[in-house]
Amino acid sequence: MVALPMLPLAVALLVFVFPELRRWAAVAGTAGIAAALAAAGGEVATEGARRYAIGGWPAPPGIALLADPLSVLLLGLTTVVSGAATFYALGYWAGHRDPDGRPDPRERAFWPLWWMLWAGLNALFLAGDAFNAYVALEVLSLAAVALVAVAGDAGALRAALRYLLVSLAGSLAYLAGVALLYAEHGLLDLASLAEAVEPGPEAVGALAVITAGLLMKTALFPLHFWLPGAHSRAPGPVSAVLSGLVVKAGFFLLLRYWFWVYGGWEVATGTALIGSLGAVAVLWGSVQALAALRLKLLVAYSTVAQLGYLFLAFALISEPGVAGNLGQEGALYLALSHGLAKGGAFLMAGTCLWAAGNDRLEGIGDTLRQLPVSTAAFALAGISLIGLPPTGGFVGKWLLLRAMAESEAWVWLAVIAAGTFLATGYIFRVLVPVFQAGTEPPPLERTPPRIMEVSALLLAVAAVGMGFLAPVFEPLMLGLQGPSP
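If you're wondering where the values come from, they're calculated on a predicted model, not measured in any experiment.

Caption draft 1: View of the environment of D189. Mapping D189 onto the fold places it in the loop between helix 6 (154-185) and helix 7 (190-196). Considered as a pair, D189 and R97 are 92 residues apart in the sequence and their alpha carbons are 48 Å apart.

Caption draft 2: Here's a closer look at the packing of aromatic side chains. Counted by the stated rule, this structure contains 17 aromatic pairs. For the pair F110 and W111, a centre-to-centre distance of 5.0 Å together with 85° between the ring planes defines the contact as edge-to-face. A single burial state applies to F110 and to W111, both of which are buried. Arranged with centres 5.8 Å apart and planes meeting at 75°, the rings of W258 and F314 form a pair that is edge-to-face. A residue pair is termed long-range when its members are at least 10 positions apart, and W258 in helix 10 (residues 236-261) and F314 in helix 12 (residues 295-317) qualify at 56 residues. The same class applies to W258 as to F314, namely buried. Feature note: the residues Y88, Y92, W93, F110, W111 and W114 constitute an aromatic cluster, connected by ring pairs.

Caption draft 3: Structural view of a nonpolar patch on the surface. On the surface, a nonpolar cluster with roughly 370 Å² of combined accessible area is contributed by L14, F16, V17 and F18. Along the polypeptide, V17 turns up in helix 1 (residues 3-17).

Caption draft 4: Spatial organisation of the packing of helix 10 against helix 13 (residues 321-356). Running from N to C, helix 10 and helix 13 point in directions that differ by 160°, and their axes come no closer than 6 Å. Considering their axes alone, helix 10 and helix 13 lie roughly antiparallel with respect to each other. Here the hand of the crossing between helix 10 and helix 13 comes out right-handed. Contacts from G236, P237, S239, A240, S243, G244, K248, F251 and L255 in helix 10 reach A331, L332, A335, H338, G339, K342, G343, F346, L347 and G350 in helix 13. Here the residues of the contact of helix 10 with helix 13 are counted per class, giving nine nonpolar, eight polar and two charged.

Caption draft 5: Representation of the confidence of the model for the chain in the model. Taken as a whole, the chain shows an average pLDDT of 90; of its residues, 96% reach a score of 70 or greater. For the chain, per-element mean pLDDT is lowest for helix 19 (residues 470-473), which scores 76, and highest for helix 18 (residues 450-465), which scores 96.

Caption draft 6: Representation of the side chain of S171 within the structure. Structurally, the position occupied by S171 is in helix 6. Residue classification places S171 among the buried residues on the basis of a relative accessible area of 2%. Residues in contact with S171, not counting those within four places in the same chain, are Y134, E138 and K217.

Caption draft 7: Expanded view of the pattern of salt bridges. In the structure shown here, the tally under the stated rule is nine salt bridges. Salt-bridge contacts for D359 lead to R294; the nearest nitrogen and oxygen are separated by 3.4 Å. Residue D359 is found in the loop between helix 13 and helix 14 (364-369), and its partner R294 is found in the loop between helix 11 (268-291) and helix 12; the two are separated by 65 residues along the sequence. Put simply, R450 and E453 hold a salt bridge, and the shortest N to O gap is 3.6 Å. One end of the pair is R450 and the other is E453, both in helix 18 and three residues apart, which spans about a single turn. Judged by its relative accessible area of 5%, E453 is buried.

Caption draft 8: Quick look at unusual backbone geometry. The peptide bond linking F221 to P222 adopts the cis configuration, its omega dihedral lying at 5°. Note on placement: P222 falls in the loop between helix 8 (201-218) and helix 9 (227-233). Of note in the backbone geometry, A219 takes a positive phi value of approximately 65° without being a glycine. Secondary-structure assignment places A219 in the loop between helix 8 and helix 9.

Caption draft 9: How the structure looks around helix 15 (residues 372-386). Counted at 1.5 Å a residue, the expected span for helix 15 with its 15 residues is 21 Å, and the 21 Å between its end C-alpha atoms agrees. Restricting attention to buried positions, one finds in helix 15 the residues S374, T375, A377, F378, A381, G382, S384, L385 and I386. Of the residues flanking the end of helix 15, it is G387, one or two places downstream, whose phi is positive at about 100°.

Caption draft 10: Inspection of the nonpolar core at higher detail. Residues W114, Y257 and L295 are the most contacted members of the largest nonpolar core, which totals 166 residues. Among the elements that make up this core, the one with the highest residue count is helix 10 (18 residues). Sequence-distant contacts of Y257, that is, excluding residues within four places in its chain, are made with A130, Y174, V178, L181, L190, L207, I210 and Y262.

Caption draft 11: Just helix 16 (residues 392-407), in detail. Here helix 16 spans 23 Å end to end across 16 residues, near enough to the 22 Å set by a 1.5 Å rise per residue. All of the buried residues in helix 16 are G392, G393, V395, G396, K397, L399, L400, A403 and M404. Against the buried residues of helix 16 lie helix 12, helix 13, helix 15, helix 17 (410-431), helix 18 and helix 19. One or two steps after helix 16, the chain reaches E408, where phi turns positive at roughly 55°.

Caption draft 12: Structural detail: the environment of Y333. Residue position: Y333 is located in helix 13. With a relative accessible area of 2%, Y333 lands in the buried category. Placed 45 residues apart in sequence, Y333 and F378 show a C-alpha to C-alpha distance of 20 Å. A polar atom in the side chain of Y333 sits 2.5 Å from the backbone oxygen of M466.

Caption draft 13: The side chain of N122, seen in detail. Locating N122 in the fold gives a position in helix 4 (residues 105-126). With a relative accessible area of 0%, N122 lands in the buried category. Among the polar contacts listed, one links the side chain of N122 to the backbone oxygen of L4, at a separation of 2.8 Å. Not counting residues up to four positions away in its chain, the partners in contact with N122 are L4, P5, P8, I33, L75 and T78.

Caption draft 14: Broad picture of the packing of helix 12 against helix 16. Their axes nearest at 11 Å, the elements helix 12 and helix 16 cross at an angle of 40°. The crossing of helix 12 and helix 16 is left-handed. In this structure, helix 12 uses Y309, L312, A313 and L316 to contact helix 16, whose residues at the interface are K397, L400, A403, M404 and S407. Its residues placed into classes, the contact of helix 12 with helix 16 shows seven nonpolar, one polar and one charged.

Cut-offs used in this document
By convention here, each chain's residues receive numbers from 1 onward along its written sequence. Note on the predicted model: pLDDT of at least 70 is required for a residue's local features to be given, and 80 or more for side-chain atom pairs to be given and counted; whole-chain, interface and lining totals, by contrast, use all residues. To get the side-chain values, all heavy atoms of the structure are used, and hydrogens and water are removed first. Put simply, DSSP H or I for four residues or longer makes a helix, DSSP E for two residues or longer makes a strand, and each gets a number counted from the N terminus. Ring pairs are drawn from Phe, Tyr and Trp, using the six-membered ring of Trp, whenever the two centres fall within 6.5 Å, and their geometry is named by plane angle: stacked under 30 degrees, edge-to-face over 60, tilted for the rest. Remark: exposure states derive from per-residue accessible area (1.4 Å probe, protein chains only) relative to the maximum for the residue type, with buried under 20%, exposed over 50%, and partly exposed in between. Like-charged residues are merged into a patch within 9 Å and nonpolar side chains (Val, Leu, Ile, Met, Phe, Trp, Tyr) within 5 Å, provided each residue has over 30% relative accessible area and no salt bridge. To be clear on the numbers: accessible area is Shrake-Rupley with a 1.4 Å probe, and residue cover counts the displayed protein chains and nothing else. For salt bridges, the criterion is a side-chain nitrogen of Lys or Arg within 4 Å of an Asp or Glu carboxyl oxygen. Helix axes use the C-alpha atoms of the stretch in contact, all axes being lines fitted to C-alpha atoms, and the angles between their N-to-C directions lie in the range 0 to 180 degrees. Should an angle fall under 35 degrees it is taken as roughly parallel, and over 145 as roughly antiparallel, whereas 65 to 115 is taken as roughly perpendicular and any remaining angle as oblique. It is the rotation of the near helix from the far one that decides the hand of a crossing: anticlockwise by less than a right angle makes it left-handed, clockwise makes it right-handed. Note on definitions: a residue-residue contact is assigned when non-hydrogen atoms from the two residues lie within 4.5 Å. Side-chain classes follow a simple rule in which Ala, Val, Leu, Ile, Met, Phe, Trp, Tyr, Cys and Pro form the nonpolar group, Asp, Glu, Lys and Arg form the charged group, and the remainder, Gly included, forms the polar group. Known as pLDDT, the predictor's confidence for each residue is given on a scale from 0 to 100. What a helix should span is 1.5 Å times the count of its residues minus one. Here, the term nonpolar core denotes a set of buried Ala, Val, Leu, Ile, Met, Phe, Trp, Tyr and Cys residues that are joined through side-chain atoms within 4.5 Å. Polar contact is the term for a pair of N or O atoms within 3.5 Å; when the atoms are in protein, one must be able to donate a hydrogen and the other to accept it, and sequence-neighboring residues count only if both atoms are side-chain atoms.

What follows is the structure, given as structure tokens:
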């Protein structure tokens, strides 16, 4: 289990010292992480949730890792999306070499930061205590901000600065909440806190500031203002991981706190408020995507909208009985399918920008007709984001609709219908020009390496394939209540 965060960290150090090994590191690092995940997942499947005290020191003061079905699902998503984006990045940076074959100076900074980001994600999804979750969150956020800045242009630097300020504010809020819990109970271990936290103003205040900090990092409306700039200005592989994975980190911790640490509380009022913000996010993000003038900006606003579905489901999880179980399954299914689909969509959008020199939607049909594999990737990712059968997005939305019907949440059901209609509009806004007859398109500035298009296509196919694997994932979708200490 410990190899999952330590291996990418070791690779980050390796490519920092020996940058010429980046290709071998990409292959060996990805394979090693996949093998470590398979081993950890096998233990969880056969023996249930597993705890691991690094160095044999139990928490506190030692670092405790926790692998349960929820963390294994998100670690699996991280491995698939990050792995595909890693191989995409090899092709992406190969195209940035100068005529003499010398690498772009930005690539030297990219690879160590990239593996640090991966290490931060794995550490966060395995965090068993509140402070180590904070440390992982910081590693993740700082690496993500730096990777946005790697693009190097003025727009990217402004977006990275805005992202940094919001991220720091979110981290301080989260840390303040953790400090309140520690002051009250003298505990940081999440399992121990789940047994110790009792109703009272201190506990409510701690949950409120923790939630505010994590919502900033997750970019739920109206705290999403930093996301479109950061995700659309970052290099292609970075956009895919930011949108597919990094925003899920805050969502993961919110699930841990609301339905495990505070799992025995009556939280319907709070989750209803969060669900209302999710409903507005679905509509606002979709309308902004329809109005976007650039492809990457359209995909970024789509992320704002798709995150709204996760928080609509968040509200349903607190419902008793069948509705709560369906809401929980729907939330996790949407999180996984969105990660895959959005990873594929952003890799495709990055390929368009890489090949054509711009990603303006005006004339996008001319570009896509010359990139049939990328067009197929966007189409497959798009139908999952819309929620058409038989995709993973369809399964997630269907579970949410059933949960809403069980709890008679008809207004939110109407929000899902409206969001689906708007998503159809912005996805087909990209695809329809491909099939419209036009003049001979101007040639692409450069032909993308095949690995870039194939990486995007594989993620999009996986998003569709999840629709056929619902029985496989179903046993892992329940059980937000973590193990006892």
